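# Observations on chain architecture
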Amino acid sequence: ECDLIVTVGFMLTDATKEAAADNPDLKFSIIDSVADESNVVDQVFQTDEAAFLAGYIAAAKTETGIVGTYGGMCIPTVTIFMDGFARGVAFYNETKGTDVKVLGWDMEKQEGTCVDSFDDLDKGKQTTLAMMDQGADIIMPVAGPVGGGTLAALEDRGTGLMIGVDSDWAVTNPDRAKLVLTSVLKHMDATTFDVVKSVIDGTFTGGKFVGKLENKGVGLAPFHEFEDEISEELRAEVADLEAKLIAGEIELNPDFVQ
């Protein structure tokens with residue numbers, strides 16, 4: 001007799017659709033997927049927008065000219081981060097005349113490196129070490145807890161930086177904050193709060209909520225321990241890019257539009 005049932009993740013799409021269809025008088029919300037049922041609020045996020053900014057920053061801050069990314073599984077809610085990141089690097093190269101390389105994602109083939117796990121930290125560590133052996137010094141894992149393996153690899157090597165996803169990894173890993181350049185945030189706390197509020201005040205209706213830069217559904221975390229290392233020039237460039245993404249002046253991969 002719950003007033004609201006919230007499911008989390010692309011892998012629960014079919015189960016949510018079935019439960020919602022079988023229980024039309026109950027209220028549901030799914031995070032990171034589209035159930036497309038009248039009694040479900042679909043919470044999806046245009047994370048490639050924020051990941052684009054992260055890729056641009058990574059390209060600006062790399063010392064080796066090589067950065068990397070990998071996923072837990074190559075599913076849309078993961079690869080959207082990786083594609084946005086790679087496009088941000090490519091935009092930096094186009095703008096600055098540089099040749100920063102991205103390991104782990106091919107924009108042309110639309111495929112990349114995935115470890116087929118969201119809980120095996122050793123896979124994350126080994127993938128990170130392999131990328132570091134190829135010269136990558138900034139790596140963005142899109143693999144949930146597996147990203148902890150990246151932190152472990154960076155710590156072991158005593159070099160390199162990570163870009164987190166979903167939450168602020170410098171906050172959730174305070175003892176390793178010195179390894180986290182920034183994080184690509186998915187503000188599911190705010191969107192879920194609004195869904196719960198709509199149930200309480202009687203305004204709940206099914207439909208789709210898309211978190212974007214424009215409505216602050218996605219964004220970048222603070223630089224924390226790297227605040228003094230991010231120049232005012234780079235900050236201004238990122239702010240300009242954010243405005244252009246919001247205005248639609250920079251188009252990302254249309255296949256990822258939710």
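All of the points below concern the structure found in this document. Note that this is a predicted model, so its numbers are computed, not measured. (Residues numbered from 1 in each chain as written. Predicted model: local features only at pLDDT ≥ 70, side-chain atom pairs only at ≥ 80, totals over all residues. Heavy atoms only, no water.)

### Considerations on the state of the cysteines
Per the counting criterion, the structure on display carries one disulfide. Here C74 is linked by a disulfide to C114, with a sulfur-sulfur distance of 2.0 Å. Its torsion about the S-S bond being 95 degrees, the disulfide of C74 and C114 is classed as right-handed. Residue C74 is found in the loop between β4 (66–71) and α3 (76–96), and its partner C114 is found in the loop between β7 (111–112) and α4 (121–133); the two are separated by 40 residues along the sequence. Relative accessible area serves as the criterion here: at 18%, C114 is assigned to the buried category. (Disulfide = S-S within 2.5 Å. Helix = DSSP H or I, 4+ residues; strand = E, 2+ residues; numbered from the N terminus. Buried < 20%, exposed > 50% of the residue type's maximum accessible area, 1.4 Å probe, protein only.)

### Thoughts on the packing of aromatic side chains
The full count for this structure, using the stated rule, is three aromatic pairs. Ring centres 6.5 Å apart and planes at 50 degrees place the aromatic pair Y56 and F91 in the tilted group. Here F91 lies in helix α3 and Y56 lies in helix α2 (residues 47–61), a separation of 35 residues in the sequence. Between the aromatic rings of Y56 and Y92, the centroid separation amounts to 5.0 Å while the plane-to-plane angle is 75 degrees, which identifies the pairing as edge-to-face. Remark: Y92 occurs in helix α3 and Y56 occurs in helix α2; sequence separation between them is 36 residues. A relative accessible area of 2% means that Y56 is categorised as buried. (Phe/Tyr/Trp six-rings, centres within 6.5 Å; stacked < 30°, edge-to-face > 60°.)

### Overview of the nonpolar core
For soluble globular proteins, nonpolar side chains are generally found buried alongside one another. Formed by 42 residues in total, the largest nonpolar core has its most connected members in M140, I163, L181 and V184. When contributions to this core are tallied by element, the ones reaching two or more residues are α2, α3, β8 (138–142), β9 (161–166), β10 (180–186) and α8 (232–247). Ranked by the residues each element gives to this core, the list is headed by α2, at nine residues. Setting aside residues up to four positions removed in sequence, L181 forms contacts with I57, K61, I138, L161, M162, I163, P222, F223, F226 and I230. By size, the runner-up hydrophobic cluster in this structure holds 18 residues, among which are V146, M162, W169 and A170. (Core = buried A, V, L, I, M, F, W, Y, C linked by side-chain atoms within 4.5 Å. Contact = heavy atoms within 4.5 Å.)

### Examining the sheet that holds β9
Sheet architecture is open: six strands sit in the order β5-β4-β8-β9-β10-β12, paired in mixed fashion. Each edge of the sheet is formed by a strand with only one pairing partner; in this case those strands are β5 (101–103) and β12 (218–220). Each adjacent strand pair in this sheet contributes to an overall mean axis angle of 15 degrees, direction not counted. Note that β4 and β5 share three bridges and pair parallel. (Pairing = 2+ DSSP bridges. Axes fitted to C-alpha atoms, helices over the stretch in contact; angles between N-to-C directions.)

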